[in-house]
Amino acid sequence: MKGEVFYGKGIRELEDEEPDLYALVKDINETVWNGKVLDYKTQKLIAIGITASRADPRATKKQIQSAINELDITKEEIIDVLRVVLLTSGMPAFSKSLQILNSVISTMEE
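Notes on the structure in this doc start here. (Residues numbered from 1 in each chain as written. Predicted model: local features only at pLDDT ≥ 70, side-chain atom pairs only at ≥ 80, totals over all residues. Heavy atoms only, no water.)

## As for unusual backbone geometry
Selection criterion: Put simply, DSSP marks the helices as runs of H or I at least four residues long and the strands as runs of E at least two long, and each gets a number from the N terminus on. For every residue, the accessible area (1.4 Å probe, protein chains only) is compared with the maximum for its type, and the residue is labelled buried under 20%, exposed over 50%, or partly exposed between those bounds.
The phi torsion at A55 lies on the positive side, around 55 degrees, for a residue other than glycine. Within the fold, A55 resides in the loop between α3 (40-53) and α4 (57-71). Phi angles above zero are rare outside glycine, and D72 is one such case at about 55 degrees. As for its position among the elements, D72 is in the loop between α4 and α5 (75-89). Of the residues examined, D72 reaches a relative accessible area of 61% and is grouped as exposed.

## A look at the environment of L98
As a reminder of what qualifies: A contact between two residues is defined here by any heavy atoms of the two lying within 4.5 Å.
By secondary structure assignment, the location of L98 is in helix α6 (residues 91-109). L98 sits in the partly exposed class, given a relative accessible area of 24%. As for L98 and G49, which are separated by 49 residues in sequence, their C-alpha atoms are 12 Å apart. Not counting the four nearest positions on each side in its chain, L98 is found in contact with I79 and L82.

## Side note on the side chain of S66
We count it as follows: For this analysis, a polar contact is any N or O atom pair within 3.5 Å, provided that within protein one partner can donate a hydrogen and the other can accept it, and provided that sequence-adjacent residues contribute only side-chain to side-chain pairs.
In this fold, S66 is placed in helix α4. Side-chain polar atoms of S66 contact the backbone oxygen of Q63, separated by 3.2 Å.

## What about the side chain of Q63?
Examined against the element boundaries, Q63 turns out to sit in helix α4. Side chain to side chain, Q63 and K44 meet in a polar contact 2.9 Å long.

## Quick notes on the packing of aromatic side chains
Formally: Note on aromatic pairs: the rings of Phe, Tyr and Trp (six-membered ring only in Trp) are paired at centre separations within 6.5 Å, and the planes decide the class, stacked below 30 degrees, edge-to-face beyond 60, tilted for the rest. Distance and angle both matter: a charge sits over a ring if NZ of Lys or CZ of Arg is within 6 Å of the ring centre and within 35 degrees of the ring normal.
In this structure the tally under the stated criterion is 1 aromatic pair. Here the aromatic rings of W33 and Y40 are separated by 5.5 Å at their centres, their planes lie at 80 degrees, and the arrangement is edge-to-face. Look at W33 and you get buried, because its relative accessible area is 15%. Residue Y40 is classed as buried on the basis of its relative accessible area, which comes to 9%. The side chain of K44 reaches across the aromatic face of W33, ending 4.7 Å from its centre.

## Examining α5
As a reminder of what qualifies: Working rule for helices: expected span equals 1.5 Å times residues minus one.
Over its 15 residues, α5 extends 20 Å from the first C-alpha to the last, a length consistent with the 21 Å expected when each residue adds 1.5 Å. The elements touched by buried residues of α5 are α3, α4 and α6. Among the residues trailing α5, G90 stands out with phi positive, at a value near 95 degrees.

## Here we look at the environment of K62
As for its position among the elements, K62 is in helix α4. Relative accessible area serves as the criterion here: at 33%, K62 is assigned to the partly exposed category. Each C-alpha atom of the pair K62 and K26 lies 18 Å from the other, and the pair is 36 residues apart in sequence.

Coordinates in, geometry out; function isn't part of it.
Quick look at the structure:
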């Protein structure tokens, strides 16, 4: 489920080159995704909203893909999150994220 998924390009390289630093990053990752009150699904939806609001296409795509693959989060649930992005971050961030969502869904259906 919440396996070792890191979105920074260099993190995986640390595993062999700097094992102590890699272990630290891994511990932070596990701590963050192990919420005390919010469940993993809610945290993942928040992560989608944050990456979408930043108009970060790579991170938004990765968050959407893992949300669908790991948690069976639906397109409709993600669109609800993107509605908040529209309100708080505007049309460009919303539109870009909607395009990414549709692309991910389309790729998964092929």
